[in-house]
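# Inside the fold
Okay, here's what each chain looks like letter by letter:
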Amino acid sequence: MSTSEALAKADTGAPPYLDALADLGGRLPHGPDWLDDLRGRGRAAYAAEGLPTRKTEAWKYTAVAKAGAFTHAELAPPAAIDGARGADFGLESWRLVLVNGRVRPEMSALEGLPEGVTVAGLADTLAHAPERLRPHLGGVLGLEAMPLAALNTAYLGDGAFVHVPRGVVLDRPVQIVSLGAAGEAPVMFHPRHLLVLEDGAAATVVETHVGGGRYFANTVTEVALGHGARLAHAKMQDEGPEAVHVAACAVRLAENAAYDGLVLHTGARLARHELRAEIAGPGAACTMNGAFLADGNRHVDNTLFIDHAAPNGSSRQVFRGVLDDAARGVYQGKVLVERPAQKTDAHQLSRALLLSRGAEMDAKPELEIYADDVKCGHGATTGELDTAHLFYLRGRGVDLPTARRMLVEAFIADIIDAFPDATVREAFAGRVGAWLDGHAEAAR
Amino acid sequence: MALLEIKNLHANVDGTEILKGINLVVEPGEVHAVMGPNGSGKSTLSYVLAGREGYEVTAGEVLYKGTNLLEMAPEERAREGVFLAFQYPVEIPGVGTMTFLRTAVNAVRKHRGLPEYDAMQFLKVVREKAKALNIPDEMLKRAVNTGFSGGEKKRAEALQAALLDPAMMILDETDSGLDIDALRLVAESFDAMRDAQRSMLVITHYQRILHYLVPDKVHVLARGQIMRSGGKELAEELEAKGYAEFVGEAA
């Protein structure tokens, strides 16, 4: 479907982006019936809701329907890949690289994985061992009210499959790189990742999102954590400046499992990270922290839904954002504590620093509690840099731009410092520093 | 030439006039005490000299080394040698003390045409100065003033002064929140910095810091004006009689 056709569809109310399913023909990987059924359900769910508009409550701050029109990447001519980036994408790790949603084995590095640990392409796994995916693929993520995740499901084709068997602890991160590359035609792609940690397993997985040109990366990550499993899951959203980034991450935690999430947004013109976590077993702990830096007209949306369905669970979300120029930030965090989820301990906090009058932050933390013995709290603040801090630094000879930068970096560093893996902390802090350098350069 | 010359200085805070015509001349190498009751304008004077936002000068002028101090940004004043030791140093979570100190010291050195320190050189310089102030390495590893006790904060201020080598030091109620031992340590470290070129303005409510940092001149600041000036014996007189006679006078 051409760009103008996509726009025409949007105007007539029929949801865009489904036509390419027919055009793609046999190019989506074939699989067993359950896979066709899953794609069909994705298609139906997306067709029923369509591309979200601002009338859709969960998307009311983020006008993704106005982001432009895109051709499915498989139907567009291939684009050159930005070769300037380091081959390790900033992190020493096992690495699976996708370009426009398709795994590229020649860019990946998976040697030396411990016995029994799988880091593989999803298409490859669908072709050779689909039964390994069946227990969880499409099973963690609900499609209701998740139209873009449903669209991803309709096009489910490739991505990363990470499986860590019972009791295995990975000692270095697994990195999933999603590289977007668009030529003249804006392209859309739908990476689909599945991370499974069996009982007692532990791993650090880093998603790195980079690219160049006008592309729409619509990612879904499903995470299934077994009894006592621990996943540290970091995401660097450093998409190209023209990119649209929409991601849904669905996590299910069994008893005593722990999920440590971190998202850092430094890229994309429009970005949304949505986490849906289910505390399914007693004593599970879900942390989802985030930081974002945005200038120009960029838009960053973080939307979280934590469902405490079992007792003694805990959840923590701390988000901090820095917004300059006419940038806009959104925080929507909802914690649901179901009736059986006694002794739940849940907190969420959103803090934004506005560096200019044109910047804007919308924060909506929500609690819905049906259990009576819980400890829950939330807060949201928006402010400027502390003038007392600035005066103190300047009073010691530090110039104003440097003083501002030191305070902004410190504000964001708190979030990154909380992540368990030191190599990830270092890489992410480095990216924040580079963003601030670029921002200072642009302001000059 | 006087190091600091304050002429008929008037200043407002939130539209209220706090300083109502201050006149004060500090020669190089002199230590002046500015004493006064609470609310007399002591802290306002120190903030106006350091260039804090929200302190509006409505009349008068301040010459520092013969140039107009009030036109300079706070960082320019600091680089030119004006140093305010804060009454309540702010905690700045997330900004490492060493990073802050090195950024500040190198900014000042660069301005003065001195070579900047690299991280290793700087560590050596800081450790040496820190030792004299009983500042352990552990304190230097924390964020700026974060979690410091009152005494630790004042010692950190003294360390910054020692590192930045200012010409005009303004010590704003340095004695507040300090026990006797900490006060002696901090005051003696400032006293050790006295030399023929460096001047100090010691702003205080109480006389006790002046036992360790004996002033050349003492001024009484009340209701926004210097009411009386004298030698060090004036401080003792105030300690004995209090500020009643100055507070009581009609405006």
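Residues numbered from 1 in each chain as written. Chains lettered and ligands numbered in written order. Predicted model: local features only at pLDDT ≥ 70, side-chain atom pairs only at ≥ 80, totals over all residues.

Let us now look at the overall build of chain A. From N to C terminus, chain A includes eight helices and 21 strands. Taking 22 Å as the expected radius of gyration for a compact globule of 444 residues, we find that chain A reaches 21 Å, a close match to that expectation. Projecting the C-alpha coordinates of chain A onto the three principal axes gives extents of approximately 70 × 50 × 45 Å. Per-residue burial over chain A gives 55% buried out of 444 residues. Sequence-distant contacts, at least 24 apart, represent 84% of the contacts inside chain A between residues at least 6 apart. (Helix = DSSP H or I, 4+ residues; strand = E, 2+ residues; numbered from the N terminus. Rg over C-alpha atoms; globule rule 2.2 N^0.38 Å. Buried ≥ 20, exposed ≤ 12 C-beta atoms within 10 Å, placed from the backbone. Contact = placed C-beta atoms within 7 Å.)

What follows concerns the packing of helix 6 (residues 387-394) of chain A against helix 7 (residues 400-417) of chain A. Residues and elements named next belong to chain A. Look at helix 6 against helix 7: their axes get within 9 Å of each other, and the N-to-C directions meet at 125°. In this view, helix 6 runs oblique relative to helix 7, as classed from their interaxial angle. When the axes of helix 6 and helix 7 are compared, the crossing they make is right-handed. Contact residues: His-389, Leu-390, Leu-393 and Arg-394 in helix 6; Leu-400, Ala-403, Arg-404, Met-406 and Leu-407 in helix 7. Classifying every residue of the contact of helix 6 with helix 7 by side-chain character gives six nonpolar, one polar and two charged. (Axes fitted to C-alpha atoms, helices over the stretch in contact; angles between N-to-C directions. Parallel < 35°, antiparallel > 145°, perpendicular 65-115°, else oblique. Left-handed = near helix turned anticlockwise from the far one by under 90°. Nonpolar A, V, L, I, M, F, W, Y, C, P; charged D, E, K, R; others polar.)

The subject of this paragraph is the nonpolar core. In terms of nonpolar packing, the biggest core is built from 213 residues, with Leu225(A), Leu253(A) and Ile170(B) touching the most fellow members. When residues in this core are grouped by element, the largest group, nine residues, is from helix 7 of chain A. Setting aside residues up to four positions removed in sequence, Leu253(A) forms contacts with Leu225(A), Tyr259(A), Ala277(A), Glu278(A), Ile279(A), Ala280(A), Gly281(A), Ala284(A) and Cys286(A). (Core = buried A, V, L, I, M, F, W, Y, C linked by C-beta atoms within 7 Å.)

Okay, helix 6 of chain A next. Where burial is concerned, most of helix 6 of chain A is hidden: six out of the eight residues are buried. Lining the buried residues of helix 6 of chain A we find helix 7 of chain A together with helix 2 (74-80) and strand 7 (92-96) of chain B.

What follows is about the sheet that holds strand 17 (residues 314-323) of chain A. Residue and element names in this part refer to chain A. An order of 3-2-6-9-11-13-15-17-19-21 is seen for the 10 strands of this open sheet, with the pairing classed as mixed. Since the sheet does not close on itself, it has two edges, and those belong to strand 3 (102-103) and strand 21 (375-383), each with one partner. Two strands pair when backbone bridges link them, and strand 2 (residues 94-99) and strand 6 (residues 174-181) are joined in this way by six bridges, in the parallel orientation. The residue of strand 6 that forms the bridge with Leu-96 is Ile-176. In this fold helix 7 packs onto strand 15 (285-294), strand 17 and strand 19 (345-354), with an angle of close to 160° to the strand it touches most, strand 17. Running at roughly 20° to strand 11 (residues 230-237), helix 8 (residues 422-443) makes contact with strand 9 (202-212), strand 11, strand 13 (258-265) and strand 15 of the sheet. (Pairing = 2+ DSSP bridges.)

Moving on: unusual backbone geometry. Although it is not a glycine, Ala268(A) adopts a positive phi angle of roughly 70°. Given 27 C-beta atoms within 10 Å, Ala268(A) falls into the buried group.

The subject of this paragraph is the pairing of strand 8 (residues 192-197) of chain A. Residue and element names in this part refer to chain A. Taken across its six residues, strand 8 has six buried, putting it largely inside the fold. What you see with strand 8 is no split at all: Arg-192, Leu-194 and Val-196 on one side and His-193, Leu-195 and Leu-197 on the other are buried throughout. Sheet analysis places strand 5 (residues 160-164) next to strand 8, joined by four bridges and oriented parallel. When the bridges of strand 8 are listed, Val-164 appears paired with Leu-197. Inspection of the sheet shows strand 8 paired to strand 10 (residues 215-225) by six bridges, in the parallel sense. Bridge pairing links Leu-197 to Leu-225 in strand 10.

Listed per partner, the contact involves 19 residues of chain A and 19 residues of chain B. For the side of chain A that touches chain B, the secondary structure elements donating two or more residues are helix 6 and helix 7 of chain A. When residues of the side of chain A that touches chain B are assigned to their parent elements, the largest contribution, eight residues, is made by helix 7 of chain A. When grouped by side-chain class, the residues that make up the side of chain A that touches chain B number 10 nonpolar, five polar and four charged.

Quick look at the pairing of strand 12 (residues 225-230) of chain B now. All names here are of chain B. Taken together, the five bridges between strand 11 (residues 217-222) and strand 12 define a ladder with antiparallel strand orientation. By the bridge assignment for strand 12, Leu-221 is matched with Ile-226. Remark: two residues form the turn of the hairpin made by strand 11 and strand 12, two consecutive strands paired antiparallel; Arg-223 in that turn has positive phi of roughly 50°.

With that out of the way, let us pick up the sheet that holds strand 3 (residues 31-35) of chain B. Residues and elements named next belong to chain B. The strand order across the open sheet formed by six strands is 6-9-10-3-11-12, and the pairing between neighbours is mixed. In the strand order of this sheet, the two ends are held by strand 6 (82-85) and strand 12, each with one partner. If you compare each strand with its neighbour and ignore which way they point, the axes differ by 20° on average. In this structure, strand 6 lies alongside strand 9 (residues 168-172), joined through four bridges in parallel fashion. In the strand pairing of strand 9, Phe-83 is matched with Met-169.

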